[in-house]
Amino acid sequence: MTEPQITIVGGGVAGLCLAAELAERGVSLRIFDRYGRPAEHGCSWWAGGMLAPFCESEAAEEPVVRLGQEAAGWWQRHNVNVERNGSLVLALSRDGGELDRFARRTDQHEWVDADGCGCLRG
Ligand SMILES: Cc1cc2nc3c(=O)[nH]c(=O)nc-3n(C[C@H](O)[C@H](O)[C@H](O)COP(=O)(O)OP(=O)(O)OC[C@H]3O[C@@H](n4cnc5c(N)ncnc54)[C@H](O)[C@@H]3O)c2cc1C
């Protein structure tokens, strides 16, 4: 067995995505994580399932939004089931001003009420 050309430090989503890309290019690599296999110790284990690039535009710069949109395609190409249903942004009625501000700073949104988003009233 040949020696790995590259060692990736960290087996979270960042390290694993990089590993997938490099492996597809034929690079021999190993992943080193101080806690072993991906598990509860990593942020990715708990969070990171939602890709919401249009929401990111509220505060992020253009490359973050553009690359975020491209990322959805990356996951699909790697056989991850990606649902493209938009992102639901919610606020308590007392924070309605925050939603107005969010709407001013983002594109391609539509306003829906509780019925429109399938939320329970209660
Ligand atoms: C509450 C919350 C919600 C989030 N929601 C989303 C979301 O909806 N969508 C989204 O895209 N992102 C979301 N994120 C952000 C996302 O989860 C993180 O950006 C992402 O998981 C980070 O991945 P990572 O691989 O960089 O880090 P990690 O998953 O933390 O992996 C880092 C790995 O490196 C290892 N490591 C660290 N230092 C060393 C070292 N010196 N030597 C060896 N190994 C080391 C660790 O053990 C760990 O396994 C959320 C984050 C939080 C906290």
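Residues numbered from 1 in each chain as written. Predicted model: local features only at pLDDT ≥ 70, side-chain atom pairs only at ≥ 80, totals over all residues. Heavy atoms only, no water.

A.B. asks: Go over the environment of E58 with me, naming the residues and quoting the values.
C.D. replies: With respect to the element layout, E58 can be found in the loop between helix 3 (53–56) and helix 4 (62–77). E58 has contacts with R101, F102, R105 and T106, leaving out every residue within four places of it along the chain. (Helix = DSSP H or I, 4+ residues; strand = E, 2+ residues; numbered from the N terminus. Contact = heavy atoms within 4.5 Å.)

A.B. asks: Pulling in residues and values, what's your account of the pairing of strand 1 (residues 6–9)?
C.D. replies: Where strand 1 meets strand 2 (residues 29–32), four bridges bridge the pair, whose relative direction is parallel. Note that in strand 2 the partner of T7 across the bridge is R30. Taking the sense of rotation as the criterion, the β-α-β connection linking strand 1, helix 1 (residues 13–24) and strand 2 turns out right-handed. (Pairing = 2+ DSSP bridges. Right-handed = clockwise from strand over helix to strand, strands pointing away.)

A.B. asks: How would you summarise the side chain of D33 if you had to cite specific residues and measurements?
C.D. replies: If you trace the backbone, D33 turns up in the loop between strand 2 and helix 2 (43–46). R34 is the oppositely charged side chain nearest to the buried, salt-bridge-free D33, at an N-O distance of 5.8 Å. Engagement of the side chain of D33 in a polar contact is seen with the side chain of H41, the distance being 3.4 Å. Residue contacts for D33: discarding those within four places in its chain leaves G10, G11, G12 and H41. (Buried < 20%, exposed > 50% of the residue type's maximum accessible area, 1.4 Å probe, protein only. Lys, Arg positive; Asp, Glu negative; His and termini not counted. Salt bridge = Lys/Arg side-chain N within 4 Å of Asp/Glu carboxyl O. Polar contact = N/O pair within 3.5 Å; in protein donor to acceptor, adjacent residues only side chain to side chain.)

A.B. asks: For the environment of G11, give the residues involved together with the corresponding values.
C.D. replies: In this structure, G11 sits in the loop between strand 1 and helix 1. Each C-alpha atom of the pair G11 and S44 lies 9.1 Å from the other, and the pair is 33 residues apart in sequence. For G11, the contacting residues outside a window of four places in its chain are L16, I31, D33 and P38.

A.B. asks: So what's going on with the site of the ligand? Which residues, and what values?
C.D. replies: Taken together, 17 residues lie near the ligand, and D33, C43, S44, A47 and M50 sit nearest. Here a nitrogen atom of the ligand sits 3.2 Å away from a polar atom, N or O, in the main chain of R34. With the chains in place, 55% of the 1,000 Å² that the ligand exposes on its own is no longer accessible. Elements represented by at least two residues in the shell around the ligand include exactly helix 1 and helix 2. Here the residues of the shell around the ligand sort into eight nonpolar, seven polar and two charged. (Near = heavy atom within 4 Å. Areas by Shrake-Rupley, 256 points an atom, 1.4 Å probe, with all protein chains shown as cover. Nonpolar A, V, L, I, M, F, W, Y, C, P; charged D, E, K, R; others polar.)

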